[in-house]
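# Survey of secondary and tertiary structure
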Amino acid sequence: MKLEIKNLSTNALKSLNLEISKPGIYGIIGRNGVGKSTFFTAISDELKYSGEITVKDSLFSGRVSYVPSLSIFDENLKAQDY
């Protein structure tokens, strides 16, 4: 099983290369404006990009998720309340 990204380029990202070949939970951490959201919108095919994103096993299909920061939730409620 493998997720492979070669030369991913957008306005915010320049020539990103990444390979994930083991299952797990991965996170991307960085300062504001470095391209984290752009990265996830590109791999979810919501943004035009140049480069190549390859999923080499159907187990990865549908398993990449992106949860943007949203301020629509009431901060006084717990997850169980929703």
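Residues numbered from 1 in each chain as written. Predicted model: local features only at pLDDT ≥ 70, side-chain atom pairs only at ≥ 80, totals over all residues. Heavy atoms only, no water.

### As for unusual backbone geometry
One non-glycine residue, Asn-7, lies in the positive phi region at around 55°. With respect to the element layout, Asn-7 can be found in strand 1 (residues 3-9). Judged by its relative accessible area of 43%, Asn-7 falls in the partly exposed class. (Helix = DSSP H or I, 4+ residues; strand = E, 2+ residues; numbered from the N terminus. Buried < 20%, exposed > 50% of the residue type's maximum accessible area, 1.4 Å probe, protein only.)

### A few points about the packing of aromatic side chains
Aromatic ring pairs: the centre-centre distance and the angle between the two ring planes describe each pair. Under the defined criterion, the tally for this structure stands at 1 aromatic pair. For the pair Phe-39 and Phe-40, a centre-to-centre distance of 5.0 Å together with 75° between the ring planes defines the contact as edge-to-face. Of the two residues, Phe-39 and Phe-40, both sit in the buried class. (Phe/Tyr/Trp six-rings, centres within 6.5 Å; stacked < 30°, edge-to-face > 60°.)

### Some details on helix 1 (residues 36-43)
For helix 1, every residue scored as buried is listed here: Thr-38, Phe-39, Phe-40, Ala-42 and Ile-43. Contact partners of the buried residues in helix 1: strand 1, strand 2 (16-20) and strand 3 (50-55). Count one or two residues on from helix 1 and you reach Asp-45, which has phi positive near 65°. (Contact = heavy atoms within 4.5 Å.)

### Here's the deal with the nonpolar core
The biggest cluster of nonpolar side chains holds 7 residues, and these are Ile-5, Leu-8, Leu-13, Phe-39, Phe-40, Ala-42 and Ile-43. Elements that contribute at least two residues to this core include exactly strand 1 and helix 1. Among the elements that take part in this core, helix 1 stands out by supplying 4 residues, more than any other. (Core = buried A, V, L, I, M, F, W, Y, C linked by side-chain atoms within 4.5 Å.)

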